[in-house]
Structures are given as C-alpha cells and as structure tokens.
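Chain and residue survey
The lines below spell out each chain.
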Amino acid sequence: MSKSLLRTAVPSSRPSRRGALAALTVAALIGSLAACSASPTPAETNEEVAVVDGGELVIGAEQEPDCADWIATCGGSIWGTYVMQIPTMPAVFETRLVDDEWVPQPSDLVTGEPTAEVAEDGTQTVTYDINPEAVWSDGEPITSADFAYTALQIRDGDDIFDKTGYDRITDVDVSDPQKAVVTLDSAFAGWRTLFSVYGIMPAHILEGQDRGAMMADGYDFSGGPWKIEKWTRGTSVTLVPNENYWGEKPHLDKVTFLFLPDTTAAFQALKSGQVSVLAPTPQLDALTQIEAGLPGVKSQVDARSGNLEAIWLNNAAAPFDSVAVRQALAYSIDRDAIVKRLFGSLGIDKAQQSFNSPMVAPFASDDFSQYTLDLDKVDELMKGDGWKKNGDGVWAKSGETATFSIKTLAGNKRRDLTVQVLQSQLADAGFEMTIDQVTPADLFGTIAPEGDFQAGIWALVDTFPDPTLSATFSSVNIPSEANGFSGINFYRADIPGLDDLLTQVDSEIDTDARIAASHEGDALIAENVPSLPLDAVPNVLLWSEKVGGPLQINPIEGPFWNLAEWGLAG
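Here is a short report on the structure shown in this document.

Quick notes on the rules
Residues numbered from 1 in each chain as written. Predicted model: local features only at pLDDT ≥ 70, side-chain atom pairs only at ≥ 80, totals over all residues. Heavy atoms only, no water. Helix = DSSP H or I, 4+ residues; strand = E, 2+ residues; numbered from the N terminus. Rg over C-alpha atoms; globule rule 2.2 N^0.38 Å. Buried < 20%, exposed > 50% of the residue type's maximum accessible area, 1.4 Å probe, protein only. Areas by Shrake-Rupley, 256 points an atom, 1.4 Å probe, with all protein chains shown as cover. Lys, Arg positive; Asp, Glu negative; His and termini not counted. Charge placed at Lys NZ, Arg CZ, Asp CG, Glu CD. Contact = heavy atoms within 4.5 Å. Pairing = 2+ DSSP bridges.

1. A short note on the overall build of the protein chain
Broken down by element type, the protein chain carries 14 helices and 26 strands. What you see for the protein chain is a C-alpha radius of gyration of 23 Å, in line with the 25 Å of a compact globule of 570 residues. When the backbone C-alpha atoms are referred to their principal axes, the protein chain occupies close to 70 × 60 × 40 Å. Expressed as a percentage of its 570 residues, the buried residues of the protein chain come to 61%. For the protein chain, the exposed area adds up to about 19,700 Å²; of that, 47% sits on carbon and sulfur atoms. Averaging the locations of the 37 positively and 82 negatively charged side chains of the protein chain gives two centres separated by 6 Å.

2. Digging into the side chain of Thr143
Along the polypeptide, Thr143 turns up in the loop between strand S8 (124–129) and helix H2 (144–156). Of the residues examined, Thr143 reaches a relative accessible area of 15% and is grouped as buried. The contacts of Thr143, once residues within four sequence positions are left out, are Ile130 and Pro177.

3. With respect to the sheet that holds strand S25 (residues 547–548)
Taken in spatial order, the three strands line up as S3-S26-S25 in an open sheet, and their pairing is antiparallel. Looking at which strands have only one partner, the edges of the open sheet turn out to be strand S3 (51–52) and S25. Sheet topology places S3 next to strand S26 (residues 567–569); two bridges connect them, and they run antiparallel. When the bridges of S26 are listed, Val51 appears paired with Ala569.

So this is what it looks like as structure tokens:
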C-alpha cells in the first residue's frame, strides 16, 4: 500500500466519517468475525493486558519500504510509516480515539493546540508552542529551527512525495527557539497536517547535508519513543527505546519487524511463533483462518478504514488517454461482485463510490455508483470513440488493440484473485488485460512516479483525518522531470476545472462550503474516471496471547501507533 498525504489518508481521512458507506461501516469486531452487523458500529477497545518491562518481540511486516526519507517519493510505502516513521519522528498532531471518533489531537511535542489565524489579506499564520522538554535522541532540544528546516525541505525540494500545504508557506519565524510561527500565502483548511503527516526533522543534524542519502537506509536520530537500531535490507528492521524520549518510555527492550510479503508464509510464521503480531491485508484464506479461530491468537478486524483500493489508470498512456475508454472500462466491471467475493464474509458487498475514503465520509459522494456492469454502454462508448472489435473480440483502433498490462504486488493473494476476476470480466467486454507482478519498492519508488505503467491495483492509505484529493488528482501534483518527480498524481490526471475545486477544498475554512466543493469535485472525477475506486480495505490485527498492552487498530496511524505501551504479558 502507498500512503497519501492526507487524503487525509489516508487516509482515513476521515471526518465524520461514517455514513457514506453503510456496508463498509458494518464490520467492526473484536475476536470474532461472527459479530458483523449492518450498523456503523465502531471497533471496540480490546481488553488491556498487563505487561512486564523488558523482553523482545518479533512482528511480521507485509512490505519493506524503498527508503526512510519520508518526505521523498521513495518513502511512499505505508509500511515504512508504520514501522519506522511513526515510532521515531516527532509530530505536532496525533490521531487518537475521542468519543468513538479518530481525530487529530496535539501531541506532547507542543504545549497545546496551535493557533491558526487568517488575516484580512488572506494570509494565514499558524503558531506552534514547542514543549521545552522535547529533545532529540542526542539530547539537543527540538526547536523552531527544526520546523523551518522541515518546511523548506518539503517546499523547495525535488522528488517530494507531496507538497500540499507546504507550497503555501512563505515564512517560518524562528526568532524564539520555543515558538515556530509559520506564515502561508493563503488559507489552508488542512493546516493541522503540517508537521504532522511527515513529522519534524532535526536541522542540527541534516542542515547542509544530503538528506536523501543520510536517510535512505535509516537514521540514528529520533524524536519519538524508539530509535532505529538497524535495517537489514530484504530481512528486517529493529527498533530499540530512545532513552532521551521525554514521554512514556517503551516497556520492551527491542522490537524486530520481519518482512514477510507472502501472506501464507506470514500466517505460518504467526502460527509457529516465529512472529508474535501480524497486521495482514485481509486475504481470503486469512479471513477463513481467523473465523475458524487461531489457537493462542487474538484478533481485531475494523472496517473503519482509510485504506482505499482502486484500479489506477495512467491517463497519459494508451488506451486510457481517452475519457471514453476509461468510462467504457468502468462499465465493463461488476465491482460489487468483486467486493462481495473479497469481503462478503465481513458483510461488505458494495463497491466504494468515491476516492474519499470512509474515514472522511461527509466529503464523499456516490457519483461512481453510475458505473455498473453494462456491456451495451461499453459498446456505445467504444464505437463512439472509433473502436471496432477484431476477430478475437478485442477492441481495435488504428492498428492498436485495447490491450493493457496491470501492475500488482507479488505475493498478495487477494489482489491475485482480484486481477483474475478483472481479467475475465474485461475479456467479456472486449479488453485484453495482462498481469505484471512487481515489488512495492519498484512500484512506488520508480514505476508509478515515472508513469511507467498503463494500469495498476494498489491502495492509498490516509495518513491524517482531513479530506483532500488534491494530492491524488490535482495536475500540479503530476510527478515529472521538471518538478523533480514530486507529487503522487501518478495517474497523470489533468481534468479541466478540477484543480480549482480541489484547491477550494484545501482552502475553504467553512466546513459546509468545503463539503459542497468536495462533492462537486467528486462529480467531475466520476465523469472523467481518471481511475476507478474499488473498495475500502478493512484493517486486521492479530497477536499472540503472549503479547500484552492496549492493542487496538488505529485506522490512521496503523497497527503499531502505541507500540511503546506493548510488552510481554505479565
């Protein structure tokens, strides 16, 4: 999975956040899948098990990130965020459960809620009062200089994952080391994402250095409860406690994340005790095993998800450089049937109808619901675009056929099934699809940023509870050689009128007006089908009874958000 800056996603992005997808908000259960209901029941908090201090844990990790430079495109794998970024990088806001909603809360990096003011000239000022106890792992204080360094690296750097919001920063006042005053050239409704999604980087270590090179294979600094002890490429990442962390210290002496991309092997490792915790994407065989019960293993499944899976189309590459072809593709697929096949056991049988995830449900409309399986509509659109079926029943035009390759991650059985079903459905409609399995590092490190694909299937993950699709679909976020391959509009979507609407969503302070602009943008996106939303992937967490602490899925920060509170069961 890849992260989206907010989607704020990532995005379980996330505002009141339920409601849009009744079928998806159904399945929040603990310990047993049998408890699925049709109501939007939030996930319950697991019983907290007392822990002892000391000991080690080995945890299975589904993906290995390409790098640990979190602001760069190569840091786009959400698993890098889960296993290294969140445990080590200080951030202004954390996503915490308040009154059954996952919402941003000021972290202990600051002394309280930052203040945000919009002046009469339209500029916005955000003031951060930094906790005087906050220090880096080398004992140096975290200061306004760190805010300034981070802001300018993102605003001015090449190969940046997403500059949304940072591109509006005109000044960071560092005259007071304990107070960072950030000025933006215009109002930014998602200002809480600043210094939260990426966190803060240490200026005293990185200033004047090659940041990308220093952070590519991990780093030895930390402003969180953990430090990276070592990253053995292809095998594992090991964390140890940051002894200078000013907050609650970890109970465990060491945590090792073992990379297990093959879900079958990961389950075997859990059952054999090789790993004690897994957070698998919900594969069919995994769901069956959980439902049947795993001896000595506890589980939580939560459908409140910012994990939005879609069929991503390269709008700049044939045959998807045609709106008519993209619309025809949408009418060629029975998405509900696919979702029911994948998640029917969870009571989920309806496709996602917006690129805004269930975590930001009020901002999502259902405009993609118009696209149901309709082969007559496919014929109408393709013939209208100049295509005719050849002797093999495949659409052809000007010597080319409607043949394309779809990129998918190797070792993911649920996606294997998805693309096989897609292949069959699309063949009936006259499209010829081949399957190309790739690694996450290749996909998110080079293939997607460079636009070297026709179609792909992967998930974007909301990393903050605030809505925006500008990172995903604004034309300014198309990565290119000219902008140093910054941005995650990998799909090269450039829809007339959409940039202004998405900018309004980012800028509008009034919530109702913001929602209205988002719905208008959703309608335009659905009309142009830059890609096709498929489903919101439920979150799953499995752990051995030997593991104690308050284990609970955080749909924004992932399964290990409170790793410092975990330990060996006492």
